[in-house]
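Below are the chains, spelled out letter by letter.
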Amino acid sequence: MTETLITADLPESPSKGEFRDVMGRFASGVTVITTHLDGEDYGAAASAVSSLSDEPPSLLICLNVTSTTAQAIVKSGTFAVNVLAEDSAPIAQRFASKAPGKFETVAFERGHAGVPLVSGCIAHFECVVDETVRGGTHLVFLARVVRVSSTPGSPLAYFRGSFGRMETAPDAAALHAVRDFVVGAVSDVSVPLDAEGIAAALEIEVGRTYQALVALTAEGLVRRTGATFEVEPVPDQVIFDYYAAKLAIEIGAAAQTVGSTDTEQLAELRRLLDATLEFTVDEEFSDPEGWIRANAAFHEYLVGLAGSVILTETYKGLRLPALEQRSIRHSTRATHLLHDDHRAIVKGYETGDVELVLRTLGAHARRPQETRAEESQARESALHGGAAV
Ligand SMILES: Cc1cc2nc3c(=O)[nH]c(=O)nc-3n(C[C@H](O)[C@H](O)[C@H](O)COP(=O)(O)O)c2cc1C
C-alpha cells in the first residue's frame, strides 16, 4: 500500500523538545532489551515496545541507531524483551546509560542463543528478528516471539520522565481509603497497623490493603518492620526543617528565574496557581489531598523553571506531599494567606519583581509553623474554658 503525502499542506512540525514533552504523556512500561554477540552481553532500557501481531506472535521495538544494543541486534538477529517489575527503577537507570559492565551487578539467566534474561522481571519475550526498518533516528526491529515467560507482579511505569507505579482503579481506591485511614484515624505515635483489621474495617481485599500499605511505606507515611507496618511519626520540627530546605531550593530557583520566564511559562504558572484555589472553603481544606497535589504541582513548577534536573529531583526527594498528608487534614486551618502568597509569587514572576518573590516565599514557608502555633493556642484556650492566656 502506497500513499502520497502532500507535504505542502502539512502544518509545521513540532520541535524535538515539544514532541518529546507531549510524547512523554503517553505512559508506558519499561523494558530492558538484551542481546548476546560474540561472547558479549548488551542491554538498553526501552519503552518503545509494541505488540505487532499474534499470528505469528510478533512484536516490535525501536532503538536509536547509536545504541550499541541496537547495533549488536543487527548482527545477532536475536534479542529479549525483559519487562521490569515496579521495584526495578535502578535496573532501568543502569541500562539507560552507556556505562560499561551494565550486567555486572544484575542477576540474569541465559535464554535462546545465550541472550540474557534479567531476573526479577514480570515477563520475558525471546525474539528473532524478521525485519529491520529505519525510521528517522531509530531502527525498528520487527521480530518473531519464540518463547515467553511471566511471573506475578506489578510493572515499573514511566511517565513524563519519571518512574512510578501502575495502578488499577480498584488499587487506587484501596490506596486512597487506606491512606485516609492511616492519616486520619491514627495518632502520631508508632501504632502497629493490622492489615487484616484495616481490610475488614474498610471492606477491601487483604491483598490490596497490604499493597496499599507497601505504597504508603514508599510515601513515608508508614514504616515496615518485617511483616508489620507502623505509622511513621513525623514531629513538627522535622516538617519545619523540610520546609526550610524547600525554601532554600525555591529561593535559589527564583533568584535564577524571576525576570527571565517566557509568556508560556507565566501562563502555566498562573494556571497552576488557579488550580490550587478550589480546595479550600471558609479557611478549611475542603479536599486536603487535592490541595496537596495542586500545591505541589505549583511549587515544583517554580523549581523546574530553573531547568536543573538535579535541583528538581532534590526538591521532589523532600517528599513534601507525603509529609503534608500527615499534617494537613480537613480540620487544618487553610489560612487565606496561602492563596495570597501564591498570587504574590505569580505577580512577582509576571512583573520581574524578584524582591517580592523572595520575600513572599520566605513568608509562605513560615505559614505551617504559624498555623501550628495558632492551633495549639486555640487548644490551650479551649482547655482553659476559652479564657485568653
Ligand atoms: C525509561 C526509558 C526508556 C527508554 N526507551 C528507549 C527506547 O525505546 N529506545 C531507545 O533507543 N532508547 C531508549 N532509552 C534510552 C536508552 O536506554 C539509552 O540510550 C541507553 O544508553 C542505550 O544503551 P546502549 O547504547 O548501550 O544500547 C530509554 C531510556 C529510559 C530511561
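As the structure is a prediction and not an experimental result, all values here were calculated from the model.

Caption draft 1: Structural view of the overall build of the protein chain. For the protein chain, the count of helices and strands is 13 helices and 17 strands. Counted over contacts in the protein chain with a minimum sequence separation of 6, partners at least 24 positions apart contribute 68%. Looking at the protein chain as shown, the accessible area adds up to about 21200 Å², and 56% of this sits on carbon and sulfur atoms. Distance between charge centres in the protein chain, computed from 33 positive and 53 negative side chains, equals 4 Å.

Caption draft 2: The UniProt feature "domain: GntR C-terminal" (unreviewed entry) in the protein chain, seen in detail. When the UniProt feature table is mapped to this numbering, "domain: GntR C-terminal" (unreviewed entry) covers residues 241–367. Measuring from the first to the last C-alpha atom of residues 241–367 gives 13 Å, for a span that is 75% helix and 3% strand.

Caption draft 3: Focus on the UniProt feature "domain: Flavin reductase like" (unreviewed entry) in the protein chain. As annotated by UniProt and renumbered to match this structure, "domain: Flavin reductase like" (unreviewed entry) occupies residues 23–165. Annotated as 12% helix and 53% strand, the span residues 23–165 places its first and last C-alpha atoms 19 Å apart.

Caption draft 4: Representation of the site of the ligand. With respect to spatial proximity, 20 residues lie near the ligand, and among them N64, S67, T68, T69 and K98 are the closest. Interatomic distance of 2.7 Å between a side-chain N/O atom of S67 and an oxygen atom of the ligand. Within the side chain of T68, an N or O atom sits 2.7 Å from an oxygen atom of the ligand. When the free accessible area of the ligand is taken as 640 Å², the share hidden by the protein chains comes to 83%. Mapped onto the shell around the ligand, the elements with two or more residues apiece are β3 (40–46), β5 (57–64) and α2 (68–76). Here the shell around the ligand gets four residues from one element, more than from any other, and that element is β3. Partitioned by chemical class, the residues of the shell around the ligand number ten nonpolar, eight polar and two charged.

Caption draft 5: Broad picture of the sheet that holds strand β11 (residues 156–159). As summarised here, the arrangement of the three strands in space is β1-β11-β12, forming an open sheet in which the pairing is antiparallel. Each edge of the open sheet is held by one strand with a lone partner, namely β1 (28–29) and β12 (162–165). Strand direction decides the pairing type here: β1 and β11, joined by two bridges, are antiparallel. When the sheet's bridge partners are listed, S28 is paired in β11 with Y158.

Caption draft 6: Quick look at the pattern of salt bridges. For the structure shown, the criterion picks out 18 salt bridges. With its nearest N and O atoms 3.9 Å apart, the salt bridge here joins R293 to E289. Taken together, the positions of R293 and E289, both in helix α9 (residues 288–304) and four residues apart, correspond to about one turn of that helix. Assessed through its relative accessible area of 56%, R293 is described here as exposed.

Caption draft 7: Structural view of the nonpolar core. Formed by 20 residues in total, the largest nonpolar core has its most connected members in I33, I61, L63, I73, F79, V81 and F141. Top element by residues in this core is strand β10 (residues 138–150). It accounts for four residues.

Caption draft 8: The sheet that holds strand β13 (residues 192–193), seen in detail. Strand order in this open sheet of three strands is β13-β15-β14, and the pairing throughout is antiparallel. The open sheet has two free edges, formed respectively by β13 and β14 (222–225), since each of these has just one partner strand. Bridge count for β13 against strand β15 (residues 228–231) is two bridges, and the pairing is antiparallel. Within β15, the residue paired with P192 across the bridge is E230. Most of the contacts of helix α6 (residues 206–219) go to β14, to which it runs at about 110 degrees, and overall it touches β13, β14 and β15.

Caption draft 9: Just the packing of helix α7 (residues 236–257) against α9, in detail. Relative orientation of the contacting elements α7 and α9 amounts to 50 degrees, with a least axis distance of 8 Å. Classified by the angle between their axes, α7 and α9 sit oblique to one another. For the pair formed by α7 and α9, the contact residues are K246, I249, E250 and A253 on the first element and H299, L302 and V303 on the second. For the contact of α7 with α9, a count of residues per class yields four nonpolar, one polar and two charged.

Caption draft 10: Spatial organisation of a nonpolar patch on the surface. Taken together, F19, M23 and F26 make up a surface patch of nonpolar side chains, about 360 Å² in accessible area. Among the structural elements, F19 can be located in helix α1 (residues 16–23).

What counts and how
Residues numbered from 1 in each chain as written. Predicted model: local features only at pLDDT ≥ 70, side-chain atom pairs only at ≥ 80, totals over all residues. Heavy atoms only, no water. Helix = DSSP H or I, 4+ residues; strand = E, 2+ residues; numbered from the N terminus. Contact = heavy atoms within 4.5 Å. Areas by Shrake-Rupley, 256 points an atom, 1.4 Å probe, with all protein chains shown as cover. Lys, Arg positive; Asp, Glu negative; His and termini not counted. Charge placed at Lys NZ, Arg CZ, Asp CG, Glu CD. UniProt positions renumbered as here; feature names shortened; annotations may be inferred. Near = heavy atom within 4 Å. Polar contact = N/O pair within 3.5 Å; in protein donor to acceptor, adjacent residues only side chain to side chain. Nonpolar A, V, L, I, M, F, W, Y, C, P; charged D, E, K, R; others polar. Pairing = 2+ DSSP bridges. Salt bridge = Lys/Arg side-chain N within 4 Å of Asp/Glu carboxyl O. Buried < 20%, exposed > 50% of the residue type's maximum accessible area, 1.4 Å probe, protein only. Core = buried A, V, L, I, M, F, W, Y, C linked by side-chain atoms within 4.5 Å. Axes fitted to C-alpha atoms, helices over the stretch in contact; angles between N-to-C directions. Parallel < 35°, antiparallel > 145°, perpendicular 65-115°, else oblique. Patch = residues over 30% accessible without salt bridge, like charges linked within 9 Å, V, L, I, M, F, W, Y side chains within 5 Å.

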